[in-house]
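Breakdown of the fold
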Amino acid sequence: MSNPVSTLVLVAHPDLSHSRCNARRLRAARDAGPHVQVRDLYALYPDYLIDVAAEQAALQSSQLIVWQHPVQWYSMPAMMKLWIDEVLAFNWAYGPQGRALQGKELMLSLSAGGGVNAYQPQGSNRHTLDTFLAPYEQTAHLCGLRFLKPWVLYGLSHLSDVQVNDDAARYGDFLSNYSGS
Ligand SMILES: Cc1cc2nc3c(=O)[nH]c(=O)nc-3n(C[C@H](O)[C@H](O)[C@H](O)COP(=O)(O)O)c2cc1C
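**With respect to the site of the ligand**
Among the 16 residues in the neighbourhood of the ligand, the closest are listed as Ser19, Arg20, Val71, Ser111 and Tyr119. Take histidine 13: an N or O atom from its side chain is 2.8 Å from an oxygen atom of the ligand. Tyrosine 74 is positioned with one of its backbone polar atoms (N or O) 2.7 Å from an oxygen atom of the ligand. When grouped by side-chain class, the residues that make up the shell around the ligand number eight nonpolar, seven polar and one charged.

This is the structure:
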């Protein structure tokens with residue numbers, strides 16, 4: 001079996017102390033092995049002053065990049081958006097000289113309050129989650145990142161602790177063992 005790839009997990013949850021899913025996934029990622037680096041963005045940047053050079057260095061040393069956050073307003077928490085705006089800079093991540101991320105992989109790790117039935121054309125959210133994720137997929141494409149299948153847990157308020165624990169354990173196993181594609 002080949003070695004697991006160097007992995008960077010960026011966690012953006014505005015209140016981990018009240019989190020069921022993302023807090024467990026964060027712990028699982030921290031336990032996944034020395035090849036996995038975890039950065040808790042709200043803890044690192046309580047004043048929202050992102051250290052762009054440090055973030056770019058973390059990206060450069062990783063093959064798999066994971067953006068982990070709860071779905072909020074069909075999108076991402078403010079910190080994740082600010083991180084993208086500032087870190088994925090012109091002529092670094094994209095643009096004529098922007099090749100820093102070419103050939104790396106991006107996976108979303110998402111939790112959603114809405115159940116999978118709500119994320120259907122006939123459901124209350126009227127679209128699949130994949131439809132809402134089009135800007136992420138295009139961001140990856142623009143930066144030369146291969147967009148992996150998102151890791152999603154739906155319907156958080158209806159899930160038992162056993163189910164949420166099981167998700168985090170499988171996520172940790174994935175991060176421990178992923179050897180690229
Ligand atoms: C401000 C805010 C906006 C939210 N918007 C959505 C949404 O658009 N779709 C959805 O399915 N859940 C939405 N939720 C629910 C969260 O996605 C859900 O509580 C979270 O994924 C649970 O993960 P956690 O246990 O790690 O906090 C929202 C929650 C908050 C606080």
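**Re the pairing of strand β2 (residues 36-40)**
Of all five residues in β2, four are buried; the element is thus mostly enclosed. Bridge count for strand β1 (residues 7-11) against β2 is five bridges, and the pairing is parallel. Along β2, the bridge assignment pairs valine 9 with valine 38.

**A few points about the pattern of salt bridges**
Counting across every chain of the model gives seven salt bridges. The partner of aspartate 85 in a salt bridge is lysine 81, with the nearest N and O atoms 3.0 Å apart. Pair noted here: aspartate 85 and lysine 81 are both in helix α4 (residues 78-87), with a separation of four residues, about one helical turn. Given the relative accessible area of 47%, aspartate 85 is considered partly exposed. Among the ionic contacts, a cluster of salt bridges with common partners joins Arg20, Arg24 and Asp161.

**Observations regarding unusual backbone geometry**
Although it is not a glycine, tyrosine 48 sits at a positive phi angle of roughly 65 degrees. Overall, tyrosine 48 belongs to the partly exposed group, its relative accessible area being 38%. The phi torsion at tyrosine 74 lies on the positive side, around 60 degrees, for a residue other than glycine. Along the chain, tyrosine 74 turns up in the loop between β3 (64-70) and α4. With a relative accessible area of 35%, tyrosine 74 lands in the partly exposed category.

**Remarks on the nonpolar core**
By size, the foremost hydrophobic cluster in this structure holds 35 residues, and its most contacted members are Leu59, Ile65, Trp67, Trp83, Leu88 and Leu101. Those elements giving two or more residues to this core turn out to be β1, α2 (41-44), α3 (52-60), β3, α4, β4 (105-111), α5 (129-132) and α6 (134-142). Sorting elements by how many residues they give to this core places α4 first, with five residues. Excluding anything up to four places from it in sequence, leucine 59 contacts Leu8, Ile65, Trp83, Val87, Leu88, Trp92, Leu101 and Lys104. One finds Val66, Leu148, Trp151 and Leu175 within the second-largest nonpolar core, a separate group that totals 16 residues.

**Overview of the packing of aromatic side chains**
Aromatic ring pairs are reported here in terms of the distance separating the ring centres and the angle at which the planes meet. A full pass over the atoms with the stated rule returns 10 aromatic pairs. Ring centres 6.1 Å apart and planes at 90 degrees place the aromatic pair tyrosine 42 and tyrosine 48 in the edge-to-face group.

**Some points on the pairing of β1**
Most of β1 sits out of view: five of its five residues are buried. A two-sided burial pattern is seen for β1, the buried positions comprising Thr7, Val9 and Val11 on one face and Leu8 and Leu10 on the other. Taken together, β1, helix α1 (residues 21-30) and β2 constitute a β-α-β crossover, and its handedness is right-handed. Sheet topology note: the β1/β3 ladder contains five bridges and is parallel. Its bridge partner lying in β3, leucine 10 is registered against tryptophan 67.

What counts, and at which threshold
- Residues numbered from 1 in each chain as written.
- Predicted model: local features only at pLDDT ≥ 70, side-chain atom pairs only at ≥ 80, totals over all residues.
- Heavy atoms only, no water.
- Near = heavy atom within 4 Å.
- Polar contact = N/O pair within 3.5 Å; in protein donor to acceptor, adjacent residues only side chain to side chain.
- Nonpolar A, V, L, I, M, F, W, Y, C, P; charged D, E, K, R; others polar.
- Buried < 20%, exposed > 50% of the residue type's maximum accessible area, 1.4 Å probe, protein only.
- Helix = DSSP H or I, 4+ residues; strand = E, 2+ residues; numbered from the N terminus.
- Pairing = 2+ DSSP bridges.
- Salt bridge = Lys/Arg side-chain N within 4 Å of Asp/Glu carboxyl O.
- Core = buried A, V, L, I, M, F, W, Y, C linked by side-chain atoms within 4.5 Å.
- Contact = heavy atoms within 4.5 Å.
- Phe/Tyr/Trp six-rings, centres within 6.5 Å; stacked < 30°, edge-to-face > 60°.
- Right-handed = clockwise from strand over helix to strand, strands pointing away.

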